[in-house]
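Geometric and topological summary
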Amino acid sequence: MEYENRTARFVCHICCVFPDGKRIDCEENSEGRIIFECKGDGDFGYDPVFLNEEYGLTFAQMDMETKNEVSHRGKAVRTFADIFASTNVDIIQ
C-alpha cells in the first residue's frame, strides 16, 4: 500500500509569559507517516501508528530515550530550555 498521502506531523508549541511581560515562544515538530496497523507496546494516542521514518519505528516501538530525542515535545522542551537559559527575565516579583 502507498504511504505518499499519509504524511503526518506532531507539533508542540510552548509559550511562557513572565511577570515582567517578556515572552518566550518556541515550536518544534516531528515529521512522519501514518501506518495502516498499530505497532509497538506503547499505547498512547497516535504513537502506535505514527512512523518516524528516520528510525523506521513508530513512537510506540521506541524506547523512551529515543522517543524524547525525536519527539515534538522533547525538541520543544530542549529549545525552550536553551532560550530560557539565555534570556534575562525577572521571574520573581
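This report concerns the structure included in the present document.

Rules of the game
- Residues numbered from 1 in each chain as written.
- Predicted model: local features only at pLDDT ≥ 70, side-chain atom pairs only at ≥ 80, totals over all residues.
- Heavy atoms only, no water.
- Pairing = 2+ DSSP bridges.
- Helix = DSSP H or I, 4+ residues; strand = E, 2+ residues; numbered from the N terminus.
- Buried < 20%, exposed > 50% of the residue type's maximum accessible area, 1.4 Å probe, protein only.
- Polar contact = N/O pair within 3.5 Å; in protein donor to acceptor, adjacent residues only side chain to side chain.
- Salt bridge = Lys/Arg side-chain N within 4 Å of Asp/Glu carboxyl O.

**Observations concerning the pairing of strand β2 (residues 23-34)**
In summary, the side chains of a regular strand alternate between the two faces of the sheet. Alignment of strand β1 (residues 7-17) against β2, held across 11 bridges, turns out to be antiparallel. For R9, the partnering residue across the bridge sits in β2 and is E31. In this antiparallel pair of consecutive strands, β1 and β2, the connection spans five residues, and G21 shows a positive phi of 95°. As defined by bridge partners, β2 adjoins strand β3 (residues 50-52) across two bridges and the pair is classed as antiparallel. Paired with R33 across the bridge in β3 is L51.

**Looking at the side chain of S30**
Among the secondary structure elements, S30 is positioned in strand β2. By relative accessible area, S30 is classed as buried at 1%. A distance of 2.7 Å separates a polar side-chain atom of S30 from the backbone oxygen of V70. Side-chain polar atoms of S30 contact the backbone nitrogen of H72, separated by 2.7 Å.

**Quick look at the pattern of salt bridges**
Under the definition given, this model contains four salt bridges. The salt bridge partner of R9 is E31, with a shortest N-O separation of 2.6 Å. Within this pair, whereas R9 is found in strand β1, its partner E31 is found in strand β2, the two being separated by 22 residues in sequence. Overall, R9 belongs to the exposed group, its relative accessible area being 53%. Owing to a relative accessible area of 41%, E31 belongs among the partly exposed residues under this scheme. K67 serves as the salt-bridge partner of D47, at 2.5 Å between the closest nitrogen and oxygen. Within this pair, whereas D47 is found in the loop between β2 and β3, its partner K67 is found in helix α1 (residues 64-70), the two being separated by 20 residues in sequence. In this structure K67 comes out as buried when scored by relative accessible area, which is 15%.

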